[in-house]
Amino acid sequence: MAALRRAELQLDADTADGARELSRLLILVAGGYASSHLGALLPEDELKDLEPVRDRTALWETLHVMVALAVIGAVGWAGTWYGKQIGVESPWSLIPAAIAAVLVFPRLRRTGPDLFMSYLSP
């Protein structure tokens with residue numbers, strides 16, 4: 001991962017050389033994968049003088065989901081509370097939370113209309 005990141009950073013400094021280096025490394029990775037060397041996709045000489053990169057993807061995704069659920073919960077609570085004040089019944093007062101969910105999670109944009117229509121069905 002560190003070798004690929006170093007090659008990717010080269011793209012900003014020198015695009016042509018960076019693209020060649022990144023392509024060369026990706027071909028080596030593909031060759032290692034095709035040879036079933038899943039534990040060592042790159043040869044040892046490509047990895048010397050490199051420090052392992054910490055993968056924080058799981059941490060960032062967990063934080064994203066926690067914040068998104070907090071936003072959706074807050075909007076749902078506010079919609080229900082405010083809806084109760086003006087006389088809107090419960091399923092309709094949660095529509096702002098559904099809209100917030102579609103905005104926070106872009107993958108729901110494909111299923112958002114189905115989510116909205118589920119409020120209309122008995």
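Residues numbered from 1 in each chain as written. Predicted model: local features only at pLDDT ≥ 70, side-chain atom pairs only at ≥ 80, totals over all residues. Heavy atoms only, no water.

A few words on the nonpolar core. Of all hydrophobic cores here, the largest spans six residues; its members are Ala-3, Ala-7, Leu-22, Leu-25, Val-29 and Leu-42. Put simply, the parts of the chain that give this core at least two residues each are helix H1 (2-13) and helix H2 (15-34). Counting residues per element, this core draws most heavily on H2, at three residues. In this structure Ala-3 touches Leu-25, Leu-42, Glu-46 and Leu-50, once residues within four positions along its chain are discounted. (Core = buried A, V, L, I, M, F, W, Y, C linked by side-chain atoms within 4.5 Å. Buried < 20%, exposed > 50% of the residue type's maximum accessible area, 1.4 Å probe, protein only. Helix = DSSP H or I, 4+ residues; strand = E, 2+ residues; numbered from the N terminus. Contact = heavy atoms within 4.5 Å.)

In this section: the pattern of salt bridges. What the rule picks out here adds up to two salt bridges. Residue Arg-20 is joined to Asp-17 by a salt bridge in which the shortest nitrogen-to-oxygen separation is 2.8 Å. Note that Arg-20 and Asp-17 are positioned in helix H2 at a spacing of three residues, about one turn of the helix. Classification of Arg-20 as exposed rests on a relative accessible area of 55%. You can call Asp-17 partly exposed: its relative accessible area is 37%. (Salt bridge = Lys/Arg side-chain N within 4 Å of Asp/Glu carboxyl O.)

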